[in-house]
Amino acid sequence: MTAYAFVNLTITNPESFEAYREKAGMALKKHGAAPLHVSKEAEVIEGEGAAPTVTVILTFPDRDAARAWIEDPEFAEVHALRRGAGVSNIILM
């Protein structure tokens, strides 16, 4: 069953984020994932706190593929670039 990951990024290091973007596609492709939607215009319409700089909805073939993507040691450096770009929260749905 298709799984989705909701990615919230608050970018504080644009250089690290650009380096991440250049390499992220390889990691996603390996695990059958693709971005369903990407936005730099997130807006909080209920609740507190600031909206993230970038939001992404990723699709995966299933929840196991999403977990394999985030835990893949081959792409640890790629995930480190994302984490080094600012605050990164990923919610598996």
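This text goes with the structure placed above it.
To start, this report covers the structure provided alongside it. (Residues numbered from 1 in each chain as written. Predicted model: local features only at pLDDT ≥ 70, side-chain atom pairs only at ≥ 80, totals over all residues. Heavy atoms only, no water.)

## Some details on the side chain of Asn8
Locating Asn8 in the fold gives a position in strand β1 (residues 3-11). For Asn8, a relative accessible area of 17% translates into the label buried. Filtering out sequence-adjacent residues up to four positions away, Asn8 remains in contact with Pro52, Val54, Thr55, Val87, Ser88 and Asn89. (Helix = DSSP H or I, 4+ residues; strand = E, 2+ residues; numbered from the N terminus. Buried < 20%, exposed > 50% of the residue type's maximum accessible area, 1.4 Å probe, protein only. Contact = heavy atoms within 4.5 Å.)

## Considerations on the pattern of salt bridges
Going through the model one piece at a time under the given rule, you end up with four salt bridges. The partner of Asp72 in a salt bridge is Lys30, with the nearest N and O atoms 2.8 Å apart. You can see Asp72 sitting in the loop between α2 (63-71) and α3 (76-84) and its partner Lys30 sitting in helix α1 (residues 14-30), a full 42 residues away along the chain. Taking relative accessible area as the criterion, Lys30 reaches 45% and is therefore assigned partly exposed. In this structure, Arg67 and Asp64 form a salt bridge, with 3.6 Å as the shortest nitrogen-oxygen distance. Here Asp64 and Arg67 lie together in helix α2, a separation of three residues that amounts to about one turn. Overall, the relative accessible area of 37% leaves Arg67 in the partly exposed class. Taken together, the shared-partner salt bridges connect Lys30, Asp72 and Glu74 into one network. (Salt bridge = Lys/Arg side-chain N within 4 Å of Asp/Glu carboxyl O.)

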